[in-house]
Amino acid sequence: MHSFTSTFVSKKPRRWLVFLMTLVVWAAIGAASAYASHFRYGHYSWQSAAAPNTINFTIQTAFRRDGYACYSTTTLSTVPCSAPDGHPGVGDVFAEFIGGTVFNPGDGSPSIGSPLGPLMYVVTSIDPAKNWLFALALDANSLPAIDTLVTHTYPAIGDYLAFTDSCCRISAIVPPDYHLNNPDGGYRVETRVNVGTQGANSSPVSALPPIVFCPINALCSFQVPGVDPDGDPLTYRPSTAPEANSTFPPGSNWSGTSCPDIFCQPGPPFAPNSATISSTGLYTWDTTGAQLAPAGGNNTLYSAQVTIEDRDSSSNVKGKAALDFLIQLVPSVGNPPQFDHPPTPTCGSTQTVNVGGTLTFGVQAADPDSNDVVTLNTAGLPPGATMTPPLPASGNPVSSTFSWTPGAPGTFVVTFTATDQTLQQALCSIAVEAQQPPQTADLSIEKSGPPFARSGGMIIYNMAVHNGGPADATGVTVDDSLPASETLVSATPSQGTCSGNVTCSLGNIPNGG
């Protein structure tokens, strides 16, 4: 509180730990080939939490959709899935029993899972035609609530390598899918975590559909999206083999070709040309001569992984996050769909919203080939976001409305896909960022003095200015004009200066001052 005197005349205690499991038996999944064909996509990101040495992880994964039952987070027992085909739908929860997926925070503590053992996930998008579900892992300490921030407190300041290292990628032959370069191989998804070494840093954030379509015997290129919540510059590179797998070496594909390492990016020995990614994220692959699945309506799949790194002002790497996905080679037929702008926001743009506010925008795509049917879908929706009508949806044109009311700050990348019936595809990635509302200062003033004045007498008035916060007040000025019949004798502030009749420049008043 600041005053002046005028004188004149007349605003998680329990953790589930996953220990070694020697055997998991699930009646609905009984074949070894099923165990070896579930993983489709992975991307782990993180942000520093308010508590010391504490990190909030967002674990984004896609699996084979028809491999899972749905669970109640309250009873931890199976419940009917919401989708009409009996498989998990958007909003359903499942436990990853096929591969027993857990999360290793990288500090020597036990891996993180759920009361059922492996991680539990909530589904955020599905593709029944391609048989995948896209999901976010749940924080076991928050159950039965749906909390997609997996929180871990580290024992000390330092840089840690957090990861999942598990089995398995798609098998060589799971009709109609043929996996060419890493069949039955293990998968590893890493992120380098800065705990107190880079300030309150956050990792890069991205999202792609689990399967990206590329033309056969042609040049394929697409932008791998990425955003850094702290505004750090990002660079991209192919992941090394040990970064993408360290457990189960891949087997031979249907034609007998094998990866000579523990992981092979798209390219030799399966294709003459290697896939590349520029430092700015442009993924390029000349698929000419690449091995294909047998003819007859089968799908040619290649697994790929890239690493996104954030850097400091001297271009030193701070953190990193992997992005693991599949590429399906398809014949080039006609024209691909296109996103309509408007209503779709500019691809690559960032849309912001205050916490507690609502962000809404339309997404629409159409195909210039009038007889084609376009399917609109998405990957990377933030928790609580909705699409109306629900996706996937089909038409030409086809549209849906994104709506999100965030309850906490956070940054997400949402990638929309528009795919026609011949699997020609367009991608459009949009970053959505929830921010704390701007803080303001709440200033109040109290004035005290005698209620009456005798003509020709001296009167002393006191004024007190208070800032109720939450923000600091800057450049505070108080004006108190005197009646024409009165004359200022003096005005003495506790800070700043007063002049005239009467204007006091008090400067800055902090929250609570």
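Residues numbered from 1 in each chain as written. Predicted model: local features only at pLDDT ≥ 70, side-chain atom pairs only at ≥ 80, totals over all residues. Heavy atoms only, no water.

Visitor: What should I look at first to understand the overall build of the protein chain in this one?
Guide: Of the regular secondary structure elements, the protein chain holds 2 helices and 37 strands. Summarising its shape, the C-alpha atoms of the protein chain cover approximately 110 × 55 × 50 Å along the three principal directions. For the protein chain, buried positions account for 53% of its 513 residues. Of the roughly 21300 Å² that the protein chain leaves accessible, carbon and sulfur atoms contribute 55%. (Helix = DSSP H or I, 4+ residues; strand = E, 2+ residues; numbered from the N terminus. Buried < 20%, exposed > 50% of the residue type's maximum accessible area, 1.4 Å probe, protein only. Areas by Shrake-Rupley, 256 points an atom, 1.4 Å probe, with all protein chains shown as cover.)

Visitor: Help me out: how do you make sense of the sheet that holds strand β37 (residues 503-509) in this one?
Guide: To summarise the sheet geometry, strands pair through backbone hydrogen bonds and adopt either a parallel or an antiparallel arrangement. Taken together, the 3 strands give an open sheet; going across it, the order is β34-β37-β36, and neighbouring strands pair in antiparallel fashion. The sheet is open, and its two edges are formed by β34 (473-479) and β36 (497-499), each paired on a single side. In this sheet, neighbouring strand axes are inclined to one another by 20° on average, regardless of whether the strands run parallel or antiparallel. Relative to β37, β36 is paired through 3 bridges, and the arrangement is antiparallel. Each bridged residue has a counterpart across the sheet, and for serine 499 the counterpart in β37 is threonine 503. (Pairing = 2+ DSSP bridges. Axes fitted to C-alpha atoms, helices over the stretch in contact; angles between N-to-C directions.)

Visitor: Where do I start with the packing of aromatic side chains in this structure?
Guide: To describe a pair of aromatic rings, one takes the distance between the centres and the angle between the planes. Summed over all chains, the structure comprises 19 aromatic pairs. Between tyrosine 283 and phenylalanine 325, the ring centres sit 5.8 Å apart and the planes meet at 70°, which makes this aromatic pair edge-to-face. Of this pair, tyrosine 283 sits in strand β20 (residues 282-286) while phenylalanine 325 sits in strand β22 (residues 317-330), and the two are 42 residues apart along the sequence. When its relative accessible area of 3% is taken as the criterion, tyrosine 283 is described as buried. Taking the relative accessible area as the measure of exposure, phenylalanine 325 reaches 0% and is therefore buried. Every member of this aromatic cluster is reached through a ring pair, and the members are Phe63, Tyr68, Phe94 and Tyr121. Arginine 188 extends its terminal NZ or CZ atom over the ring of phenylalanine 163, reaching a point 4.0 Å from the ring centre. (Phe/Tyr/Trp six-rings, centres within 6.5 Å; stacked < 30°, edge-to-face > 60°. Lys NZ or Arg CZ within 6 Å of the ring centre and 35° of its normal.)

Visitor: Just checking my understanding: could you explain the sheet that holds strand β31 (residues 425-435) for this structure?
Guide: Ordered in space as β24-β31-β30-β26-β28, the 5 strands form an open sheet in which the pairing is mixed. Two strands bound the open sheet, and with one partner strand each, they are β24 (350-354) and β28 (393-395). Going from strand to strand, the sheet's axes swing by 25° on average, the running direction of each strand aside. Where strand β26 (residues 374-379) meets strand β30 (residues 410-420), 6 bridges bridge the pair, whose relative direction is antiparallel. Considered in β30, the bridge of valine 374 is made with aspartate 420.

Visitor: Hey, could you run me through a nonpolar patch on the surface in this one?
Guide: Judged by side-chain polarity, Met458, Ile460 and Val489 come together as a nonpolar surface patch covering roughly 290 Å² of accessible area. Within the secondary structure, isoleucine 460 sits in strand β33 (residues 458-467). Its relative accessible area of 47% is what places isoleucine 460 among the partly exposed residues. (Patch = residues over 30% accessible without salt bridge, like charges linked within 9 Å, V, L, I, M, F, W, Y side chains within 5 Å. Salt bridge = Lys/Arg side-chain N within 4 Å of Asp/Glu carboxyl O.)

Visitor: Any chance you could explain unusual backbone geometry here in plain terms?
Guide: Where the residue is not glycine, phi is negative for most of them; where a peptide bond is considered, it is trans in most cases. Between leucine 143 and proline 144 the backbone carries a cis peptide bond, its omega angle lying at 10°. Among the structural elements, proline 144 can be located in the loop between β10 (132-137) and β11 (150-153). With phi around 55°, asparagine 53 is a residue other than glycine that occupies positive phi space. Within the secondary structure, asparagine 53 sits in the loop between β3 (39-48) and β4 (54-64). Of the residues examined, asparagine 53 reaches a relative accessible area of 24% and is grouped as partly exposed. Residue asparagine 131 is not a glycine yet carries a positive backbone phi of 60°. Among the structural elements, asparagine 131 can be located in the loop between β9 (120-127) and β10.

Visitor: In this structure, what is going on with the environment of asparagine 396? I would like to understand it.
Guide: Along the chain, asparagine 396 falls in the loop between β28 and β29 (398-404). Relative accessible area serves as the criterion here: at 29%, asparagine 396 is assigned to the partly exposed category. Once residues within four sequence positions are removed from consideration, asparagine 396 is found in contact with Ala366, Asp367, Asp369, Ser370, Asp372 and Val374. Reaching out from asparagine 396, the side chain makes a polar contact with the backbone nitrogen of aspartate 367 at a distance of 2.8 Å. A polar side-chain atom of asparagine 396 sits 3.1 Å from the main-chain carbonyl oxygen of aspartate 372. (Contact = heavy atoms within 4.5 Å. Polar contact = N/O pair within 3.5 Å; in protein donor to acceptor, adjacent residues only side chain to side chain.)

Visitor: Is there a simple way to think about the pattern of salt bridges in this case?
Guide: When charged atoms on two side chains of opposite charge get close, those side chains can pair. Across all of its chains, the model carries 13 salt bridges by this definition. Among the ionic pairs, arginine 65 bridges to aspartate 85, the shortest N-O distance being 2.7 Å. In this pair, arginine 65 is assigned in the loop between β4 and β5 (70-71) and aspartate 85 in the loop between β6 (78-79) and β7 (93-95), connecting sequence segments 20 residues apart. Judged by relative accessible area, which is 40%, aspartate 85 ranks as partly exposed. Notably, a salt bridge pairs aspartate 232 with lysine 318, separated by 2.8 Å at the nearest N-O pair. With aspartate 232 in the loop between β17 (219-223) and β18 (234-238) and lysine 318 in strand β22, this residue pair connects regions lying 86 residues apart in the sequence.

Visitor: I keep staring at the pairing of β9 and nothing clicks. Help me out?
Guide: Note on strand geometry: in a regular strand, side chains alternate between the two faces of the sheet. The element β9 is largely enclosed, with a buried count of 8 among its 8 residues. As paired elements, β7 and β9 share 3 bridges and run antiparallel to each other. If you follow valine 93 over to β9, its bridge partner there is valine 122. With 6 bridges joining them, β9 and β10 adopt antiparallel strand pairing. Looking across to β10, one finds that aspartate 127 is bridged to tryptophan 132. In this antiparallel pair of consecutive strands, β9 and β10, the connection spans 4 residues, and asparagine 131 shows a positive phi of 60°.

Visitor: Would you take a moment to explain the side chain of serine 303 for this structure?
Guide: With respect to the element layout, serine 303 can be found in strand β21 (residues 299-311). Overall, the relative accessible area of 0% leaves serine 303 in the buried class. Polar contacts involving the side chain of serine 303 include one to the side chain of asparagine 182, which spans 2.8 Å. If sequence neighbours within four positions are ignored, serine 303 has contacts with Arg169, His179, Asn181, Asn182, Phe263, Cys264, Pro266, Phe325 and Leu326.

Visitor: Please clarify how the state of the cysteines should be interpreted in this entry.
Guide: Should the sulfur atoms of two cysteines be covalently bonded, the bond is a disulfide. Inspection of every chain in the model, using the stated rule, returns 6 disulfides. At a sulfur-sulfur separation of 2.0 Å, the disulfide partner of cysteine 70 is cysteine 81. On the sign convention where negative means left-handed, the S-S torsion of about 110° between cysteine 70 and cysteine 81 marks this disulfide as right-handed. Note that cysteine 70 is positioned in strand β5 and cysteine 81 in the loop between β6 and β7, a separation of 11 residues in sequence. Neither residue differs from the other here; cysteine 70 and cysteine 81 are each classed as buried. Paired through a disulfide, cysteine 498 and cysteine 504 show a sulfur-sulfur distance of 1.9 Å. Between cysteine 498 and cysteine 504 the sulfur-sulfur dihedral comes to about 110°; the bridge is accordingly right-handed. The residues cysteine 498 and cysteine 504 share a single accessibility class, namely buried. Here the disulfide map of the protein chain reads 1-2, 3-4, 5-6, 7-8, 9-10, 11-12, the bonded cysteines being numbered as they appear in the sequence. (Disulfide = S-S within 2.5 Å.)

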